[in-house]
Every structure is written in structure tokens, then in C-alpha cells.
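# Commentary on secondary and tertiary structure
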Amino acid sequence: MEMNIYAYKCKKCGHVQYPYRTICRNCHKNEHNEFDIVPLPKSGKLLTYTNLYTLPPDFEVVTLGLGIVELEDGNKITGQLNIDKPKIGMKVKGKVEVVRRDEYNEYMGMIFYPA
Amino acid sequence: MAIDLEKILRPIDSPIPEFPPKLMTLAGGEEMVIRQVGREEIPDLLPHVAPLMHVERDFYNIVASRVYAELLGFYTHRVQDEYVLVAQIDGELAAIVNGRRVSAEVGMSYHTLALRRGLRVGAHAFAAKMEYHIDILKQKEVLIVAESPIGFRRWMIEYKLEKRFDIPHELGGVPSWALTSELYDKARSSLVVGRRPVPEHLLAKAKAGITAPSDPPTPPIDLLAATRSLGDSTATALIEQRNKLGGS
Amino acid sequence: MREVYVAGIGITSFTRLEYPLIEIAAYPALMALRDSSLDKIDHLYVANMGAGRLNHQTGLASAVVDNLSLTPAGADGIENGPASGASAIKQGFLAVASGMHDVVMVIGAEKMREVNNLEATEFVATLTHPLAEYIYGVTLPSLAGMFTRLYMEKYGVTSRHLAMVAVKNHANAMLNPFAHLHEPITIEGILDSPEAATNNPFVADPLRFFDCCPVSDGAACLILTSAEVARKCGRPMVRLAGVGQATDTHAVHDRKDPTELLAVREAARQSFAMAKLKPTDVNVAELHDAFTILEIAESEEVGFFPKGQGHIALEKGLTKLGGQLPINTSGGLKAKGHPVGATGVGQAHEIVQQLRGEADKRQVKNAKIGFTCNFGGFGNNVVCLTFVREN
Ligand SMILES: CC(C)(COP(=O)(O)OP(=O)(O)OC[C@H]1O[C@@H](n2cnc3c(N)ncnc32)[C@H](O)[C@@H]1OP(=O)(O)O)[C@@H](O)C(=O)NCCC(=O)NCCS
Ligand SMILES: [Zn+2]
């Protein structure tokens, strides 16, 4: 089964938001849980990125690529990068994979590869 | 008779090439010279190491105590094939690194003691030590351990050191990590820094004498040392407090 | 609303302090009480971000009010990330302005060096979005790195500009006995020399070591009072004339244009509006340069320079000591240090010193109007303060 990162589509105004908010950022309708869950697209273009060298102590790698990607539907997402030479504006494609582990848990998130 | 015993106790050092001095510019624009020192200069180093044995932060106490012992061991011929490099800024002692040649192929890194903080002097000195083992002694690998979490991060993870956990390191018998010549080649751009030859006047200044560090790490001010020592089985808090009250 | 004055100030060195957090917080309070010759207060606010997690100490305000023997004065703790300090000042302002209290003490205190630097940055990273940022390994330096890259692309800011901020702020810190870093650095040493890459390695590229603030301990204190009390205290009259605060999206990627710091813009606008002043009136400012790029970006967003021109102003030397609008005379977070919860109060401390004419070698001549920007999260909660010297 292909895994996804989900966004939240407002039942009142159709606005898609990611990450989750209790109240829609667009129409501010104050009713609870009036959202449809929709998968975020996985392709997009790289808006900006960094290579982090001072990682949180639980990471066992030397550096970590991180970036913000503008997805096909216009939503933006932060993710890890598995890209040798990232460039602003390049096309990327994401996969939902394990992005962090602690003793008991694995956390899934988006990792981007060159498209 | 005594002389004969000394003969047995004293190891015979292998002839090894010397570390050619090098020069680097620090963040503040100062020039730092890294060079090898012989036994005759050890007495000039010891007085600057001793006070750090009481600096209970960043593992200075344990590192300085061990470095002191290693320098003494070198001076009195009780360590086989040890070498000592020093970093000096305008004569002033900025760092001491040392290690040992285990065999033609393997080196053992001992300590990196920075007496000046904040300018990444330690990183430069550590790099020089690695260069000595791999490029100058032409060894295949250097065995390393870290005594502090930051050191661990910096050396083990930054350079992707290989595990040699079957080999106990000479520092405390803990599992070793290895910087191999292949890893070293990969990290060459960040590890091998500095320039040669060192201009004559700078080298002369460095050799003219090792002067005291101007701003060495100092023991923390601990107003509550006496109180705390009640719950401190090692009593170092009290000893330290006594040192400070003694006006050191 | 009543007018609110700063009647007393105090500060510790921002460095590594090896005594308990409660005493770190109490020391500048003692200095401020002496400075104002007051010995009683109506209320205490203590700003702090990490005591519960880093120092195993909750309820810091109650602990500090007792340590200072100021009970039964009311005491509240304020946690608002790295903007806790200015948030607490804002609470103090409201308490005095409303007429509820005449004398309010505001302390910002933090002890981060209890843990090593990696754990400290990990702790600060808990303020990022838990699911959309934190799990990926996002930390504040990484958000700043991504922000910098985009800023460079868009406005032509270069590593040289960033280095100029660092060199300027390190130089200012040399004149500040309370600063964490007393190392003069040069462009040659951190950018141009063959060893620069080792002297100044990447932290979150394009940001390097000397583009980041250090991890510090420290505390600062301000005593806010009504005009009547302030006059009795007899210190130069510095009025807290403008307070502004605004927020932005929690996750940085969620902003329409991630190079725009809308919360900074709005908080500054409110602060100037309340003070009935313009950005061009300011003589000296403390901006939240946790990363060098932020000094440049904030100098634009608060209105000192047009968007995209901050680095040009820097190049021209306008923001140096002796320039037209000196920024971060204390050394800024970059070199004075950044004990997160204390920083906002520390910034105000510097401005009050400047406006009183007590900043010694870093004194900006005839400084009458000062400004601070305390930036929480990665720009998602910002408090700006405007101070005016009277008489
Ligand atoms: C830049 C950073 C990674 C450096 O950490 P580090 O390499 O572990 O530094 P060290 O502990 O080895 O520092 C050794 C010395 O270098 C100096 N130093 C540390 N950080 C420095 C910096 N950013 N700039 C200049 N000098 C610095 C200090 O003098 C320090 O000595 P001290 O321990 O007596 O204070 C770390 O300071 C950092 O992560 N900063 C960002 C903190 C942050 O995100 N804060 C929240 C922002 S809102
Ligand atoms: Zn809606």
C-alpha cells in the first residue's frame, strides 16, 4: 500500500490545509472537524533547502538534507531530502518513509528525491 | 645496578619522521603555528596543564589529568613511541595533542587539549595529528576514542569513523574507533588545513619559548561547593573550592 | 492607560554560569532593586523557556520571588519560546499601565548549559511544528539555513554580508563586559583565509558557525513603574512607549512567502503606532540576530530599511557603532549570547543603558529613542518594544 501524507480539505470552502488546524485558515468557520482528509500530491519543486550539520543527538548521520517543497497543488511541505546536489527550483518527487526513530517509535514523513 | 634496571624499563623508541611545522590563520586573524616538541620542552608544558586538572567542566579535569600523565610518561621514557604536537599563537600555548605509534601500520590517538576556547583551535590541532599519522608516518589507520559527547559527535560522526570495537583503546580500555587512510582521504578538504613552510620569524618565535595561555579555561565559581560536597562522595567540590580560596 | 517607566535594571553576564537557575534569576533582580533604590514590588514576572526540561525546575516565579524575599507579591511565569523575555515585559507594562500595580519586576532567566549544545538546540527545536517539522530533524539553525538560502537567491545577500554582521557584533561585544563571546573575529579569518572553512564550518548551509548565536546562560531584570514612582527612584526617565506583538503560522513552510517575516512587520508597526513614532526616529536598536541573516531581514521588516536593502545599509556601515542607526550595540544574540528566555529582557536592558547614557564605550551619542525586536519561534511570535528617553 502506498503511504501518503494527508492534508485537510474544508467542507465549507474547499481550502486544503497542511498541517492540520482545528479551524480552517481560509473561511474561519468555527465548526469542529469539518474536513475531508485528502492525500497531498508527491511531486513538486524545491523552494529552498539546507544541509544540517548539527543534528539532534538521536540522528546517527553526519548531515541531513532538509527542504521546503511546493507541491503540485500549491501546498507547501517541509521534508527530508535525498538529493546529491539540490538546486532551488528543481523538480522533486517524494516518498513516505521513516524519517526519525526513537527507542520505541518510528516516525513516517516525506523524503524527496530528484524527479 | 640501578642503571641496568632503567635499561629494562625504558622502551626504545622507533625512529620516526618528524612533523613538519605548519601555519594557519584563525577566525580572529591571528597566525597559529603547530609544531612537534621533544622531551626537552615538556617541562615548559606541564605548568599550563596542571591547573586544568581542577576545571570541572567539559571534561577538562579528566583530559588534563591524563595529558599530564602522558607528558610525564614521555618525559621520563615510560611510553613507547609517543609524540607531542603543540599549537602556539604568538608563542602562547593554544593546544596540545599527543598520540603514539603502535606499529608501522597503526597509530593511537591520545588527547586533544585546547587551552584557548572559541576559535576552533582544537579542530585544527586534531587535524594536524591525523595528518601526522596518515600522511607523514604513512600509517593505515589511527585508533581514536572520545571522552566527551561533543568530542564524540565531532570525531566519530563527522568523519564517519569505523568501529574497531574488538580493540580496546589505550585510554581506559574502551572500544576504539578508527580513522582509516581512505576516510582521511575523503575528509582531506576539511582535515588537511594549514600551510608550509612556516615563515622563519614565526617559527623562531614559537621555538623561542612556550608562554602561558592568556585566557585558559578556569574552574567554575561554585558558591555552594561546601554544601554540595556533603553529597559528593569524591569530594572534588571541596578540593576545588580549597584551590580557589588558595588564590590560584 | 498610564505611562510606564523603567525605574531599575540589572543583568548577569551571558555566558556559562555555574550556579543554580534560581540564583541566576535573583542576581540581576538584586542589581535592579539597588539601581532603583526600591525594596518592595507589587508583582513579579519571570520569563523562562526551559527550566522544566533543562533544569528540573518548574514554578520558577514562585521560587524566585521567595529567594528575593519579596513574598507575598504576586508572581507569574511566562513561557513564550525565545520571545518569553519581551512577552514578560509586555505583561509588566499592562499591569502598570492598567493601574493595577505601581511596581512590577520583570526577570528573564535561562540556564541552557546544564546540557550539551546538541541537546540544547534539540530542546529549542521542540518549538517547531511537531508533525510537520520536528519529526524531520528540523531545528532552528536548519529553518534559518533554508530562510537564508531563499533570501540570498531573492535579494543578493551573500556570505560576505552575513560575515559582516558577525564581525560587527563580535566587535560590539568586545565593548560589553556582560557579553558571552569576547573574541574579535575578522572577515579574513572566517571567510577568506585558506583555513576559513575549518575556522567557520557549516552549521546549516549556507549558515556557518559564526552566523549562529552561542548557547548561553544568563538573566536580566527590568523594574517597571508608574511615572510617580519612577521620579522618586531618581534614575533617568526612560519610558516604555510602545509595545507590539504579532504571530505567524506555526510551520514556516505554511507562509505564502517564507522570506517575509509578517509577524515582525506587524509587531513593529503596532509598537511604533503606540509610541507615536516612526522607524526613522530610532537612534539605537537591538534586533534578534540568533542567526546573522535575521539582523538583516528584521532591519527591513521593522521599517529601518526598504525590503531587500538591509544588506546594503550594512555594507555602508549605517548599522555600526558610530553609524546612522547602530544595531546590536550589545553584541546582539550573536556575540552577547542567547539565553533564550532571558534574551528579550537583555535587549531591553541594553536599550535602557543606551538611553540613560550609561553604555560606556558602546554609547550611541544622544540616543533618545530605542527599539527592540524579540523573535520567537522562527518568526511565529514576535514582540517589539519602543523606549523613549525623557527630560
Ligand atoms: C553554533 C553551535 C552549533 C556551536 O556549538 P559547538 O560547536 O558545540 O560549540 P562549543 O560548545 O564547542 O563551543 C566552544 C566555544 O566556542 C564559542 N562558541 C560557541 N558557539 C559559538 C558561536 N555560535 N559563535 C562564536 N563562538 C561560539 C564559545 O566561546 C564556546 O565556549 P564556552 O563553552 O565557554 O561558551 C551552537 O552554538 C548552536 O547550535 N547555536 C545555535 C543555538 C540556537 O539554535 N539557539 C536558538 C535560536 S532561537
Ligand atoms: Zn474553510
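Let me sum up the structure you'll find in this document.

What counts as what
Residues numbered from 1 in each chain as written. Chains lettered and ligands numbered in written order. Predicted model: local features only at pLDDT ≥ 70, side-chain atom pairs only at ≥ 80, totals over all residues. Heavy atoms only, no water. Helix = DSSP H or I, 4+ residues; strand = E, 2+ residues; numbered from the N terminus. Buried < 20%, exposed > 50% of the residue type's maximum accessible area, 1.4 Å probe, protein only. Contact = heavy atoms within 4.5 Å. Donors = N, O, S within 2.8 Å, 3.2 Å for Na, K, Ca; no water. Pairing = 2+ DSSP bridges. 1 Å grid on protein atoms, 1.4 Å probe; cavity = no way out; pocket = protein on both sides within 12 Å on 5 of 7 lines; lining within 4 Å. Points joined across faces, edges and corners; volume = space filled by probe spheres on them. Nonpolar A, V, L, I, M, F, W, Y, C, P; charged D, E, K, R; others polar. Core = buried A, V, L, I, M, F, W, Y, C linked by side-chain atoms within 4.5 Å. Right-handed = clockwise from strand over helix to strand, strands pointing away. Buried area = accessible area lost by both parts, 1.4 Å probe. Salt bridge = Lys/Arg side-chain N within 4 Å of Asp/Glu carboxyl O. Polar contact = N/O pair within 3.5 Å; in protein donor to acceptor, adjacent residues only side chain to side chain. Axes fitted to C-alpha atoms, helices over the stretch in contact; angles between N-to-C directions. Parallel < 35°, antiparallel > 145°, perpendicular 65-115°, else oblique. Left-handed = near helix turned anticlockwise from the far one by under 90°. Expected span 1.5 Å × (residues − 1).

Once that is clear, we can look at the overall build of chain B. Within chain B, the secondary structure is distributed over 10 helices and eight strands. The buried share among the 248 residues of chain B stands at 49%. Taking as baseline every contact in chain B between residues at least 6 positions apart, the subset at least 24 positions apart corresponds to 65%.

This part covers the coordination of the zinc ion (ligand 2). Residue and element names in this part refer to chain A. Looking at the zinc ion (ligand 2), one finds its protein donor set to be Cys10 (SG), Cys13 (SG), Cys24 (SG) and Cys27 (SG), positioned 2.3 to 2.4 Å from the metal centre. If you list the donors of the zinc ion (ligand 2) from N- to C-terminus, the spacing comes out as C-x2-C-x10-C-x2-C. Taken together, the residues cysteine 13 in the loop between strand 1 (6-10) and strand 2 (16-17) and cysteine 24 in the loop between strand 2 and strand 3 (35-39) connect sequence positions 11 residues apart. Residue classification places cysteine 13 among the partly exposed residues on the basis of a relative accessible area of 33%.

Now for the pairing of strand 7 (residues 217-226) of chain C. Residues and elements named next belong to chain C. For strand 7, a buried count of 10 out of 10 residues is recorded, marking the element as mostly surrounded by other parts of the structure. Here strand 1 (residues 4-11) runs beside strand 7; their pairing, made up of seven bridges, is antiparallel. Directly across from valine 4, in strand 7, lies its bridge partner serine 226. Alignment of strand 4 (residues 103-111) against strand 7, held across nine bridges, turns out to be antiparallel.

Residue and element names in this part refer to chain C. Under the defined criterion, the tally for this structure stands at six cavities of 30 Å³ or more. Space inside the largest cavity adds up to approximately 60 Å³. Lining of the largest cavity is provided by Ser159, Leu162, Ala163, Ala166, Ile190, Leu191, Asn200, Pro206, Arg208, Phe210 and Asp211. For the lining of the largest cavity, the secondary structure elements donating two or more residues are helix 7 (159-174) and helix 8 (187-192). In terms of residue class, the lining of the largest cavity is made up of seven nonpolar, two polar and two charged.

Turning next to the nonpolar core. Ile77 of chain A together with Tyr136, Phe291, Leu294, Phe304, Phe371 and Phe378 of chain C are the most contacted members of the largest nonpolar core, which totals 90 residues. Take this core: its biggest share by element is seven residues, from helix 6 (residues 140-155) of chain C. When near neighbours in sequence (up to four residues on either side) are disregarded, leucine 294 of chain C contacts Phe147, Leu261, His288, Asp289, Ser299, Phe375 and Phe378 of chain C. Among the nonpolar cores identified, the runner-up in size contains 35 residues, and Tyr45, Phe93, Val352 and Ala367 of chain C belong to it.

All names here are of chain B. Residues Glu141 and Leu143 point to one face of strand 6 (residues 141-144) and Val142 and Ile144 to the other, with burial holding for every one of them. Of the pairings in the sheet, the one linking strand 5 (residues 106-114) to strand 6 comprises three bridges and is parallel in character. Paired with valine 106 across the two strands is glutamate 141, which belongs to strand 6. In this fold, strand 5 hands off to helix 4 (residues 121-136), which returns the chain to strand 6; that crossover is right-handed. Note: strand 6 against strand 8 (residues 175-180), four bridges, orientation antiparallel. By the bridge assignment for strand 8, valine 142 is matched with leucine 179.

Quick look at the interface of chain A and chain C now. With 33 residues of chain A at the interface, the matching set in chain C holds 32 residues. For the pairing of chain A and chain C, the buried interface totals around 2,700 Å² over both sides, and the portion due to carbon and sulfur atoms is 62%. Per-residue buried area on chain A facing chain C is highest for Lys76, Thr78 and Arg100 of chain A; these three make up 19% of the total on that side. Counting the contacts that link chain A with chain C gives two salt bridges. Measuring nitrogen to oxygen at the nearest pair gives 2.6 Å for the salt bridge that ties aspartate 254 of chain C to arginine 21 of chain A. For the pair chain A and chain C, the number of links is 15 residue pairs in polar contact (both at pLDDT 80 or more). Taken together, the elements giving at least two residues each to the side of chain A that touches chain C come down to strand 4 (43-52), strand 5 (64-71), strand 6 (76-81), strand 7 (91-101) and strand 8 (106-114) of chain A. In terms of residue count, strand 4 of chain A provides more of the side of chain A that touches chain C than any other element does, six residues in total. Within the side of chain A that touches chain C, the residues separate by chemical class into 20 nonpolar, nine polar and four charged.

All names here are of chain B. With their axes 10 Å apart at the nearest point, helix 2 (residues 42-49) and helix 3 (residues 60-75) run at an angle of 165 degrees to one another. Of the possible angle classes, the one that applies to helix 2 and helix 3 is roughly antiparallel. Helix 2 and helix 3 meet at a crossing whose hand is left-handed. Of helix 3, the residues touching helix 2 (which contributes Ile42, Pro43, Leu45, Leu46 and Val49) are Ala64, Val67, Tyr68, Leu71, Leu72, Phe74 and Tyr75. Looking at the contact of helix 2 with helix 3, its residues break down into 12 nonpolar, no polar and no charged.

All names here are of chain C. For helix 7, which comprises 16 residues, the first-to-last C-alpha distance of 23 Å matches the rise-based estimate of 22 Å (1.5 Å per residue) to within 8%. Within the sequence span of helix 7, burial applies to His161, Leu162, Ala163, Val165, Ala166, Lys168, Asn169, His170, Asn172 and Ala173. Each element contacted by the buried residues of helix 7 is listed here: helix 6, helix 8, strand 6 (207-208), helix 12 (292-301), helix 13 (310-315) and helix 14 (332-336).

Functional significance is not addressed by these values, which are geometric in nature.
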